[in-house]
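# Overview (structure and organization)
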Amino acid sequence: MDKLRAIQYFNRAVEAGSFSAAAKSLSVSTPAVTQMVGALERLLGVALFHRTTRGLSLTAEGERYYKTSSRLAAEFMDLDLRVSSRSGKPHGTLTVGLWPSLGQHCVMPRIARFVERFPDIELVVKLVRTIQDFETANVDISVLLGWTDVRKLVVRPLAQMRYVVCAAPEYWARNGRPHEPEELRNHQCILQSRPDEPLLDRWIFEKGTERRSVDVHGRLLGNYRDFLLEAACAGAGVIRVNDITAAPFLRAGRIVPVLADWEILEAPPVFAVYRRTERHSKLVRVFLDFLVEIFAEIESERTPAPAGALPRAPRPEWFGRARGRRSAYVARGRKSRG
């Protein structure tokens, strides 16, 4: 038995949550992972996993073994990189997962400097939108948007999004600009949902100690931001977008913001995520340093936040729990409390 490979398969099964997800991320068959982990258990003489119809969970022995094996696997990886790199510079293949709009508007426009800085790294880029995608797409590090509490992964905050409410100049010319948040009820709003989230039709505004919640309405709905943003640029309605990825559209004047003196709550953070087994990987480290560098630049170019804005938005109470419409989730909560 290849014990090092068995440990690798075991570690990935722990991180992915199932043998099938581990197999997909490793580009091998599910029986290959199952058999290798089973052989490792027989060699050790203990069960590392509880296997049920609900999935996998570690036994007490499995938890102890994973704590050590994940550290050793990372050290082996780091040793390989140090020994095989004659120049001392990192080299090899790095696979990066990118949230669509972050990849298009933040990372890829600046990627030339990374490629020039590290000529011995082959960079593979994949589309990743959720933690589940990350765990099954066989990527080394991802840049994502949202909130996560997955403790088995390393999460590094990169930036805090800020929402802006915008529409095309011709839309405002036809319909007038709102001066108070409640006036948005009289407008056609373009509504978006993201993976594992409800339709975001409740927009919350804050100024000083004052907070206002507005349930907005519209006939154009979708789950892909760039489609909806192009529709807004064409005059189809009012859209709530984050200021970082919408910056090119704002600078070009294709969309014009309103209610700029209000902070719009529940904007998600941007973060990098990678497996704990990659903590000592030079490839992951240099790309993480690059991400920190470019998001610091982006921060320096942004319009200052409204006075009193939170440096990091807390996770909304509805996140991961609501389905359907955000406004309906709030209404159900009020009814149950009544």
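As the structure is a computational prediction, the values presented were derived from the model and not from experiment.

## Thoughts on a nonpolar patch on the surface
- On the surface, L43, L44 and V46 cluster together into a nonpolar patch covering about 220 Å² of accessible area.
- Along the chain, the position of L44 falls in helix α3 (residues 30–44).

## What to know about unusual backbone geometry
- Residue L259 is not a glycine yet carries a positive backbone phi of 55°.
- Structurally, L259 is set in the loop between β13 (256–258) and β14 (263–264).
- A relative accessible area of 7% means that L259 is categorised as buried.
- Of note in this structure, E266 is not a glycine but carries a positive phi near 75°.

## Some remarks on the side chain of R202
- Within the fold, R202 resides in strand β9 (residues 202–207).
- One polar contact links R202 to D215, side chain to side chain, over a distance of 2.6 Å.

## Digging into the sheet that holds β14
- Here three strands make up an open sheet; going across it, the order is β10-β9-β14 and the pairing antiparallel. If you trace the sheet from one side to the other, it starts and ends with β10 (210–215) and β14, each paired once.
- Pairing analysis gives six bridges linking β9 to β10, with the strands arranged antiparallel. Paired with K207 across the two strands is E210, which belongs to β10.

## Remarks on the packing of helix α5 (residues 100–107) against helix α11 (residues 282–301)
- Two elements in contact, α5 and α11, have axes separated by 11 Å at closest approach and are oriented at 75°. Compared by their axis directions, α5 and α11 come out roughly perpendicular. Residues L102, C106 and V107 of α5 pack against F287, F290, L291, I294, F295 and I298 of α11.
- By residue class, the composition of the contact of α5 with α11 is nine nonpolar, no polar and no charged.

## Thoughts on the packing of aromatic side chains
- Within this structure, the stated rule accounts for 10 aromatic pairs.
- Measuring from ring centre to ring centre gives 6.4 Å for F10 and Y66, while their planes differ by 75°; the resulting arrangement is edge-to-face. Placement of the pair is F10 in helix α1 (residues 3–16) and Y66 in helix α4 (residues 60–84), with a sequence separation of 56 residues.
- We classify F10 as buried; its relative accessible area is 0%.
- Note on Y171 and W172: the rings are 5.5 Å apart at their centroids and 75° apart in plane angle, and the pair reads as edge-to-face. No difference in accessibility class separates Y171 from W172, as the two residues are buried.
- Here a set of aromatic residues connected by ring pairs shows up, and it is made of F10, F19, F49, Y65 and Y66.
- Over the face of the ring belonging to W99 we find R129, whose NZ or CZ atom lies 5.4 Å from the ring centre.
- Its guanidinium or amino end placed over the ring of Y163, R240 lies 4.0 Å from that ring's centre, counting from NZ or CZ.

Definitions and limits used
- Numbers given for residues are sequential positions, taken from 1 along each chain in its written order.
- A pLDDT threshold of at least 70 governs which residues receive local features in this predicted model, and a stricter bar of 80 or more applies before side-chain atom pairs are shown or counted, although totals over entire chains, interfaces and linings include all residues.
- Water and hydrogen atoms play no part in the side-chain values, which are based on all heavy atoms of the structure.
- Residues enter patches when they are more than 30% accessible in relative terms and free of salt bridges; like-charged ones are connected within 9 Å and nonpolar ones (Val, Leu, Ile, Met, Phe, Trp, Tyr) within 5 Å.
- For every accessible area listed, the method is Shrake-Rupley and the probe measures 1.4 Å; residues are considered covered only by the protein chains on display.
- Only one rule defines a salt bridge in this text: a Lys or Arg side-chain nitrogen within 4 Å of an Asp or Glu carboxyl oxygen.
- Numbering of helices and strands starts at the N terminus; helices are DSSP runs of H or I of at least 4 residues and strands are runs of E of at least 2.
- Accessible area is worked out with a 1.4 Å probe on protein chains only. A residue is then buried under 20% of its type maximum, exposed over 50%, and partly exposed in between.
- Think of a polar contact as two N or O atoms within 3.5 Å of one another; within protein, one of them needs to be a possible hydrogen donor and the other a possible acceptor, and neighboring residues in sequence only count if both atoms come from side chains.
- Strand pairing is assigned whenever DSSP detects at least two bridges linking the two strands.
- To obtain an axis, a line is fitted to C-alpha atoms, over the contacting stretch when the element is a helix, and the angle between two such axes runs from 0 to 180 degrees between their N-to-C directions.
- Every angle not falling under 35 degrees, over 145, or within 65 to 115 is termed oblique; those three ranges are roughly parallel, roughly antiparallel and roughly perpendicular.
- The contact criterion used is simple: two residues touch if any of their non-hydrogen atoms lie within 4.5 Å.
- Each residue gets one label: Ala, Val, Leu, Ile, Met, Phe, Trp, Tyr, Cys and Pro are nonpolar, Asp, Glu, Lys and Arg are charged, and the others, such as Gly, are polar.
- The aromatic pairing rule takes the rings of Phe, Tyr and Trp, using the six-membered ring of Trp, and pairs them if the centres are within 6.5 Å, calling planes under 30 degrees apart stacked, those over 60 edge-to-face and the rest tilted.
- Here, a charge over a ring means that NZ of Lys or CZ of Arg falls within 6 Å of the ring centre while also lying within 35 degrees of the ring normal.

Note that all results are geometric; they support no functional claim without further evidence.
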